[in-house]
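For reference, the chains in residue letters:
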Amino acid sequence: EKSSLFWTRACQHSSTPRRPSSCPLRSHRDTMAAEGFKIDWPPADAGGGGGGGCCAPGQACEDGACDAPAPKLTKLHISGWPGCGYYRKAKAALETLSVLFPDKYEIVLHEQPDRDAYRAFLFPLRDQMANSKANSHTSSPFVAMGEDFAGAPGECTYVGGCDATLDYARSLFGGPTNAPKPAASVADGYAVGHEFDYDLIVIGGGSGGLAASKEAAKLLGDQGKVLVLDYVKPSPKGSKWGLGGTCVNVGCIPKKLMHQSSLIGELINEDAKHFGWVSPTSNGAAEGEGEAAPPQNVHQWETMRSEVQSYIKGLNFKYKVSLRDAKVKYVNGLGEFAGDHQMKITTFKGKAKTPKEEVVTFARALIATGGRPTPLSCPGGEHAISSDDLFSLEKSPGKTCIIGAGYVALECGGFLTALGCDTTIAVRSVLLRGFDRECCDKIGAFMEAKGTKFIHGATPTNIVPTDEGKYEVTFSNGSSDVFDTVMAATGRTADTAGLNLEAVGVEASPKNGKFTCVDEQTNVPHVYAIGDVLQGLPELTPVAIQAGIMLARRMFGGSSEAMDYKNIATAVFTPIEYGAIGLSEEEAIEAYGGANLEVYHSEFVPLEWSLSPERQTDTFSGFCKVICDKTANMKIVGMHYLGPNAGEVTQGYGVAMKKGFTFGELSETVGIHPTTSEVFTTLTVTKSSGASAAATGC
């Protein structure tokens, strides 16, 4: 509205030459800018008449000093098919631009009759573009900027899909680009008073499925019927657990507790004596005062394992109680589709686990089965355990080889080393693919200094049991070693193979079993999916919880707000913890171009590390960086942190990132002293300056 008002005023001025001081266009611009209107001028050399866009072609302001440039025609190409709601939405936004600003924007439609024709048209063209995201773009619409997309796609700039296009249009009007996005789901035939057995059946009792089921039951009220099916298939090694899913039983919770155990060990064995805490056997003298250092404390795996498992069992019970209180029916059984709106439930009764089958009907179904660790494919891979087994091992895993380099591998490898296990991590390519390279390299160096060993550029080719009950692992680089335990951590596969998806017509990826959804809706309108079974979306517990709650509100509460998967804060609990929000530096360079970015960074010593020589702070310090878009008022597009309490630090900036804050707003924030988080608010050194990032003072 503001942008339209400005252009309405601007078009009312006379095109005859006049002195700059009396130029109505510039006067309106200055007045409206002062009132908070965003004025998005084209470049000064955009062309047009004389000294700028306030003058008629061939004319100029009296002294040639007018700074209001003429508009420059920009061609925006959009391709899709009419049946796609996202295409229609993006097309409408772009056509509005061309109506409001006909001298600035030209919209070129490459409309195809259906999805197959769209992909046949798009794929050969997108593959010629330099942007890797464009090369993998499959959804509708596809928007690019340039002169001739159909004839010379390599010379065009990739804009993106529907969300990116709407953000682009909003930015031109000065409006918020992070407003809640309405869902684009299609009608699924649900009607109050239906004759199905259940309003909603949720397959999977993990964090997302439980959250969705309870929210749905609350919205449906006493007349609603919601069913949760959850049955844990034992791991290949026989590990089992209770209600709550991966996070609670074999993921985030036991991982964080064992990571905390490793941190406690560091505090006791490295820091305590420097803060005055000594063992009675040292006669009250700290190391360096003529007495021997206090003996190292020894970790007891069995005690830790018992306490962790007791805590988890308490959570399992609380989840059952919460479902009962929410009036959600829980069945400890397997669910699989038996036809349209039909679900076969298999329960296992008695010690013999005799299967009992029942078929029920549903109005809507939600797949929330999560994923399971991907097994090793090499000969002998069946001898490896996984994260499904590690946290419940009866005894310490001892000398351990971890295959993989993602967050599961590094987090487990880090705490195993700290707990006294001789740990080696076999890395096929890079650490923490998808995260910021600079931060990942620092994590790797830190872990090596703490004692974790890495074999880079190698994968296992054979695992053979020895007569001593150990395992000899041969690697692709020709080396070999013997380990007490081998753990696979090469990724996870969606647990959807046993759902009989064909019976209801739901399409899943043949590669990983995941679904490509539109706002959590599969290709079958009344079947939905959330969490780790979704293609290309963050596999994080809070994401599944939020998506499940928002989906339930759309299904049964009249909401239209879609889940926003952008700028989600996350943390990796490696020995030096890592927190991240937004783009990595590599992703930002690809998206915006290096010349359009400013990166602020700092190396700092956390105060809690400052008294302990064992921390080697001259070599291994904390680190943070902020990545800014110089073309958008220094909007922050990425934040990264290495240091203590990374999850707590990063979470605090999550809201600001969602709101699109700028570096100026970050710098104006008064930090809490002394904390590591305050370093973000005092950043002054840029990478482009070449100055040292090492912090000085306190």
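Residues numbered from 1 in each chain as written. Predicted model: local features only at pLDDT ≥ 70, side-chain atom pairs only at ≥ 80, totals over all residues. Heavy atoms only, no water.

**A word on the pattern of salt bridges**
Next up, step 1: On inspection of all chains with the given rule, the structure shows 33 salt bridges.
Next up, step 2: Measuring nitrogen to oxygen at the nearest pair gives 2.6 Å for the salt bridge that ties glutamate 585 to lysine 625. Pair noted here: glutamate 585 is in helix H15 (residues 585-592) and lysine 625 is in strand E24 (residues 622-629), with a separation of 40 residues, a long-range link. Comparing glutamate 585 with lysine 625 shows no difference in burial state: the two are buried.
Next up, step 3: Put simply, Glu266, Glu270, Asp271, Lys450 and Arg615 are held in one network by salt bridges that share partners. (Salt bridge = Lys/Arg side-chain N within 4 Å of Asp/Glu carboxyl O. Helix = DSSP H or I, 4+ residues; strand = E, 2+ residues; numbered from the N terminus. Buried < 20%, exposed > 50% of the residue type's maximum accessible area, 1.4 Å probe, protein only.)

**Things to note about the packing of helix H3 (residues 85-100) against helix H6 (residues 162-173)**
Two quantities define a packed helix pair, namely the angle between the helix axes and the distance between the axes.
Next up, step 1: Two elements in contact, H3 and H6, have axes whose closest approach is 9 Å; the angle formed by their N-to-C orientations is 25°. Here H3 is positioned roughly parallel relative to H6, judged by the angle of their axes. Between H3 and H6 lies a crossing whose hand is left-handed. Residue-level inspection shows Tyr86, Lys89, Ala90, Ala93, Leu94, Leu97 and Leu100 of H3 in contact with H6, the latter providing Cys162, Thr165, Leu166, Tyr168, Ala169, Leu172 and Phe173. (Axes fitted to C-alpha atoms, helices over the stretch in contact; angles between N-to-C directions. Parallel < 35°, antiparallel > 145°, perpendicular 65-115°, else oblique. Left-handed = near helix turned anticlockwise from the far one by under 90°. Contact = heavy atoms within 4.5 Å.)

**Some words on the pairing of strand E5 (residues 198-203)**
Next up, step 1: Most of E5 is tucked away, with six of its six residues classed as buried.
Next up, step 2: Direction of pairing for E5 relative to strand E10 (residues 354-367): parallel, over a ladder of five bridges. Bridge assignment links leucine 200 to a residue of E10, and that residue is arginine 364.
Next up, step 3: Where E5 lies against strand E6 (residues 226-229), four bridges are found, and the strand directions are parallel. Across the sheet, the residue bridging to valine 202 is valine 228, located in E6.
Next up, step 4: A crossover links E5 with its parallel partner E6, the connecting element being helix H7 (residues 207-220), and its sense is right-handed. (Pairing = 2+ DSSP bridges. Right-handed = clockwise from strand over helix to strand, strands pointing away.)

**Overview of the sheet that holds E24**
Sheet strands associate in pairs through backbone hydrogen bonding, adopting either a parallel or an antiparallel arrangement.
Next up, step 1: What the five strands build is an open sheet, ordered E21-E22-E25-E24-E23; its pairing is antiparallel. The two strands at the open ends of the sheet, each matched to only one other strand, are strand E21 (570-572) and strand E23 (597-604). On average, each strand axis in the sheet is inclined to that of its neighbour by 15°, with strand direction left out of account.
Next up, step 2: Relative to strand E25 (residues 635-642), E24 runs antiparallel, the two sharing seven bridges. For aspartate 629, the partnering residue across the bridge sits in E25 and is lysine 635.

**With respect to the packing of aromatic side chains**
Next up, step 1: Per the stated rule, a full pass over the model turns up 16 aromatic pairs.
Next up, step 2: On the numbers, 6.3 Å between centres and 35° between planes, the contact of phenylalanine 391 with phenylalanine 415 is tilted. Within this pair, whereas phenylalanine 391 is found in the loop between helix H11 (387-390) and strand E12 (400-403), its partner phenylalanine 415 is found in helix H12 (residues 407-418), the two being separated by 24 residues in sequence. Side by side, phenylalanine 391 and phenylalanine 415 carry an identical accessibility label, which is buried.
Next up, step 3: In this structure an aromatic cluster arises from ring pairing among Phe121, Phe142, Phe149 and Tyr158.
Next up, step 4: Lying across the ring of phenylalanine 483, lysine 399 places its NZ or CZ 5.3 Å from the centre.
Next up, step 5: Over the aromatic face of phenylalanine 623 sits the side chain of lysine 442, whose NZ or CZ is 4.7 Å from the ring centroid. (Phe/Tyr/Trp six-rings, centres within 6.5 Å; stacked < 30°, edge-to-face > 60°. Lys NZ or Arg CZ within 6 Å of the ring centre and 35° of its normal.)

**Quick notes on the side chain of lysine 514**
Next up, step 1: Within the secondary structure layout, lysine 514 lies in the loop between strand E19 (492-494) and strand E20 (527-529).
Next up, step 2: A distance of 2.2 Å separates a polar atom in the side chain of lysine 514 from a polar atom in the side chain of glutamate 539.
Next up, step 3: Discounting residues that sit within four places of it in the chain, lysine 514 has contacts with Ala494, Ala508, Ser509, Asp532, Val533, Leu534, Gln535 and Glu539. (Polar contact = N/O pair within 3.5 Å; in protein donor to acceptor, adjacent residues only side chain to side chain.)

**Remarks on the packing of helix H9 (residues 252-271) against H12**
Next up, step 1: Following both chains from N to C, one finds H9 and H12 inclined at 35°, their axes separated by 8 Å at the closest point. Considering only the axes of H9 and H12, their crossing is left-handed. Residues Lys255, Met258, His259 and Ser262 of H9 touch H12, and the partners they reach there are Glu411, Phe415 and Ala418.

**Describing helix H14 (residues 541-556)**
Next up, step 1: Here H14 spans 23 Å end to end across 16 residues, near enough to the 22 Å set by a 1.5 Å rise per residue.
Next up, step 2: Every buried residue of H14 is listed here: Val543, Ala544, Ala547, Gly548, Ile549, Met550, Leu551, Ala552, Arg554, Met555 and Phe556.
Next up, step 3: On the buried face of H14, the contacting elements are E5, H7, E10 and E20.
Next up, step 4: Taken from the residues just after H14, glycine 558 is the one with a positive phi, measuring 80°. (Expected span 1.5 Å × (residues − 1).)

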